[in-house]
Structures are given as C-alpha cells and as structure tokens.
Amino acid sequence: MCCIRSGKFQSQYVRRGSNETLVISVLVENQPGVLNKINGLFSRRGFNIESLAVSVTEDESVSRITMIIDIGHNAVDQLEKQLNKLICVLKIKRLDNVEMTGRELILVKVSATPSTRRNIKDLCDIMHAKIDDVSAATLTVELADLPQQINLFLEMLRPFGIVEIARTGLIAVQKGAASMN
C-alpha cells in the first residue's frame, strides 16, 4: 500500500510492509513480445513486480508500462541501465510525489442482503465508489482512487463478505505540462 500524506504520495518509494518499492514509468515500442522482454529482465535480476499496468499512449506506436517494483536489494540504477539497453525501450522515468499523479481501479463483488444494502451504499457514497451491478445476493462496486484509499475501502467492505476482487494496479503520469515524450 502507498504511504499518502495530504492526498500525495509521501515519496517516490512506496512502502509495503517491510519492503520498499519504486514507481517506474517506461515508454516502449508497441510491439508483440516487449512486455515479455521486460518481465524477463526483471525476473533474471531477482526484482519482484508488485504492480503492472500497460496501455497504448496517445501515439499508437508507443505503450506506457507503469510498474511498482520491489527494490529491497537497491540495484535500481543497474536495472535502469539494463532496461535502457533494450531496443524496444524508448524512455524510463522514476515517478515521485512531486511529479506524478496516480490512481488504481478496483472492482469488488460483495455479498449484499436486503438488510446490508443500505450500509454498503452509504459506504460507497462516502468513498465516492460507484455501484456497477446489482443481483439478488451481491453488489459489484467500482472505485478509482489512491492505493491507500482502496485498501481502506476493502477493509470496510470485509465485514459484508467480499466475493471477488479485480484490481488494475497503479497507473500514473507526470504532473504538469512536462511529458515523457
């Protein structure tokens, strides 16, 4: 989970328990096999990818990969040099609290009885979550927010009975007029 103070990430390093992680944005050529090459580089060097989100950018020939990586053994500079050696990598940027805005999306299916639906709806209203689907026994809820807020939301939903969770991982861009291009 991210450490957040005043709605911003506390530092470029995200704390998850005793591990330290780093948010990295990588622009790559939009070609088959690129993600596999990058994943192989990380796994060969013993880095764990905590979160991974990939999508095409405003330029259809370029994709953005946003990763949260475990940096427990502090070889981040070496990893960046290795990434830069890959022909398919166009640009790498470490993102920190001053220069990034980020969000994560979660879909949660939660058990809902007639007596608990109102409480779940009230919680969704407080957290700015949206109810996407209603069935006789469940509600499916959507929330896009900072990872810490999503974790808080999940903790508040647990007493109702979480049936299923789908989570995107962090996506982030650099703040302001500057861009990675």
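Coordinates for the structure precede this section.
What you are looking at is a predicted structure, and each value in this text was computed from that prediction instead of being measured.

1. Some points on the overall build of the protein chain
- If you tally the helices and strands in the protein chain, you get four helices and twelve strands.
- Expressed as a percentage of the 181 residues in the protein chain, the buried residues total 41%.
- Taking contacts inside the protein chain between residues at least 6 apart in sequence as the whole, the part at least 24 apart equals 70%.
- Split by element, the accessible area of the protein chain, about 9800 Å² in all, is 50% carbon and sulfur.

2. Quick notes on unusual backbone geometry
- The phi dihedral of His 128 falls on the positive side, at around 65°, and the residue is not glycine.
- Checked against the element boundaries, His 128 lands in the loop between α3 (117-127) and β9 (130-134).

3. Quick look at the packing of aromatic side chains
- Inspection of every chain in the model, using the stated rule, returns one aromatic pair.
- For the ring pair Phe 42 and Phe 47, a centre distance of 6.2 Å and an interplane angle of 75° mean the geometry is edge-to-face. Summarising the burial analysis for this pair, Phe 42 and Phe 47 share the class buried.

What counts and how
Residues numbered from 1 in each chain as written. Predicted model: local features only at pLDDT ≥ 70, side-chain atom pairs only at ≥ 80, totals over all residues. Heavy atoms only, no water. Helix = DSSP H or I, 4+ residues; strand = E, 2+ residues; numbered from the N terminus. Buried < 20%, exposed > 50% of the residue type's maximum accessible area, 1.4 Å probe, protein only. Contact = heavy atoms within 4.5 Å. Areas by Shrake-Rupley, 256 points an atom, 1.4 Å probe, with all protein chains shown as cover. Phe/Tyr/Trp six-rings, centres within 6.5 Å; stacked < 30°, edge-to-face > 60°.

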